[in-house]
Amino acid sequence: MRPQDCVFRLEDSSKAILSFFRASGQEKSHSWLSTGWFTMVIAVELCDHVHVYGMVPPNYCSQRPRLQRMPYHYYEPKGPDECVTYIQNEHSRKGNHHRFITEKRVFSSWAQLYGITFSHPSWT
């Protein structure tokens, strides 16, 4: 039995990437797409259903209690706070960084279209 061939349609992924740039003004803001972005693009191209574990929703920082601190990197427990970093990167126009909140908004809009489910935490 031969393994099933997988086809990665570059033109579809390119359209998705361009839609992200247009929606968020990335080309003018010195930002770059995260590895999570590229992983999600590949996953929706190769899989009929994608189940994402451990990705917080786009509104996570606005709903999280301010007193609850979470490090941005797991390997830097005393490093910068996750939400402070997300919010600063989202609004900053200097430097090069990810716009995680914008990426998560795009992923949320893709959920029904591409069969993506989010859990731990759930995005519903």
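Residues numbered from 1 in each chain as written. Predicted model: local features only at pLDDT ≥ 70, side-chain atom pairs only at ≥ 80, totals over all residues. Heavy atoms only, no water.

1. Quick notes on the overall build of the protein
Consideration 1: Across its full length, the protein holds 6 helices and 2 strands.
Consideration 2: Residues counted as buried form 38% of the 124 residues belonging to the protein.
Consideration 3: In the protein, the share of contacts with a sequence separation of at least 24, taken over all contacts with a separation of at least 6, comes to 59%.
Consideration 4: Entry remark: accessible area of the protein is about 8600 Å², with carbon and sulfur atoms responsible for 57%. (Helix = DSSP H or I, 4+ residues; strand = E, 2+ residues; numbered from the N terminus. Buried < 20%, exposed > 50% of the residue type's maximum accessible area, 1.4 Å probe, protein only. Contact = heavy atoms within 4.5 Å. Areas by Shrake-Rupley, 256 points an atom, 1.4 Å probe, with all protein chains shown as cover.)

2. A closer look at the packing of helix α5 (residues 82-91) against helix α6 (residues 100-114)
Consideration 1: It is the contact of α5 with α6, at a shortest axis distance of 7 Å, that shows an interaxial angle of 90°. The angle between α5 and α6 places the two elements in the roughly perpendicular class. In contact with Tyr-86, Ile-87 and Glu-90 of α5, α6 contributes Phe-100, Ile-101, Thr-102, Lys-104 and Arg-105.
Consideration 2: Looking at the contact of α5 with α6 residue by residue, the classes come out as 4 nonpolar, 1 polar and 3 charged. (Axes fitted to C-alpha atoms, helices over the stretch in contact; angles between N-to-C directions. Parallel < 35°, antiparallel > 145°, perpendicular 65-115°, else oblique. Nonpolar A, V, L, I, M, F, W, Y, C, P; charged D, E, K, R; others polar.)

3. What about the confidence of the model for the protein?
Low-pLDDT stretches of the model should not have their predicted coordinates read in fine detail.
Consideration 1: Summing up the model confidence of the protein, the mean pLDDT is 78 and the portion of residues at 70 or higher is 73%.
Consideration 2: Considering only residues more than four positions removed or in separate chains, one finds that residues 1-11, a stretch of pLDDT under 50, has 8 contacts. (pLDDT = per-residue confidence, 0-100.)

4. Quick word on the nonpolar core
Consideration 1: If you look at the biggest cluster of nonpolar residues, it comprises 16 residues, and the most contacted ones within it are Met-40, Phe-107, Trp-110, Ile-116 and Phe-118.
Consideration 2: Of all the secondary-structure elements, those providing two or more residues to this core are α3 (35-46), β1 (50-53), α6 and β2 (116-119).
Consideration 3: In this structure Met-40 touches Val-50, Val-52, Met-55, Phe-107, Trp-110, Ile-116 and Phe-118, once residues within four positions along its chain are discounted.
Consideration 4: Core analysis: the second largest hydrophobic core is formed by 7 residues, Val-56, Tyr-60, Cys-61 and Cys-83 among them. (Core = buried A, V, L, I, M, F, W, Y, C linked by side-chain atoms within 4.5 Å.)

5. Quick word on α3
Consideration 1: Helix length check: α3 (12 residues) gives 16 Å between terminal C-alpha atoms against 16 Å at 1.5 Å per residue, within 8%.
Consideration 2: Along α3, the residues that are buried comprise Trp-37, Met-40, Val-41, Ala-43, Val-44 and Glu-45.
Consideration 3: Two to three positions downstream of the cap, the backbone nitrogen of Gly-36 sits 3.3 Å from a side-chain oxygen, assigning the N-cap of α3 to Ser-34. (Expected span 1.5 Å × (residues − 1). Polar contact = N/O pair within 3.5 Å; in protein donor to acceptor, adjacent residues only side chain to side chain.)

6. Considerations on the packing of aromatic side chains
Consideration 1: If you walk through the whole model with that rule in mind, you get 9 aromatic pairs.
Consideration 2: Note on Phe-107 and Trp-110: the rings are 5.8 Å apart at their centroids and 50° apart in plane angle, and the pair reads as tilted. Of this pair, Phe-107 and Trp-110 both sit in helix α6, 3 residues apart, which is roughly one turn of that helix. An identical accessibility class is assigned to Phe-107 and Trp-110; each is buried.
Consideration 3: Ring geometry for Phe-118 and Trp-123: centres 3.7 Å apart, planes at 5°, overall stacked. Trp-123 carries the same exposure label as Phe-118, and that label is buried.
Consideration 4: What links up through ring pairs into an aromatic cluster is the set Trp-37, Phe-107, Trp-110 and Tyr-114. (Phe/Tyr/Trp six-rings, centres within 6.5 Å; stacked < 30°, edge-to-face > 60°.)

7. Observations regarding unusual backbone geometry
Consideration 1: For the bond running from His-120 to Pro-121, omega is 5°, close enough to zero to count as cis.
Consideration 2: By the element assignment, Pro-121 lies in the segment after β2.
Consideration 3: Its identity as a non-glycine residue notwithstanding, His-120 has a phi of 55°, on the positive side.
Consideration 4: One can find His-120 in the segment after β2.

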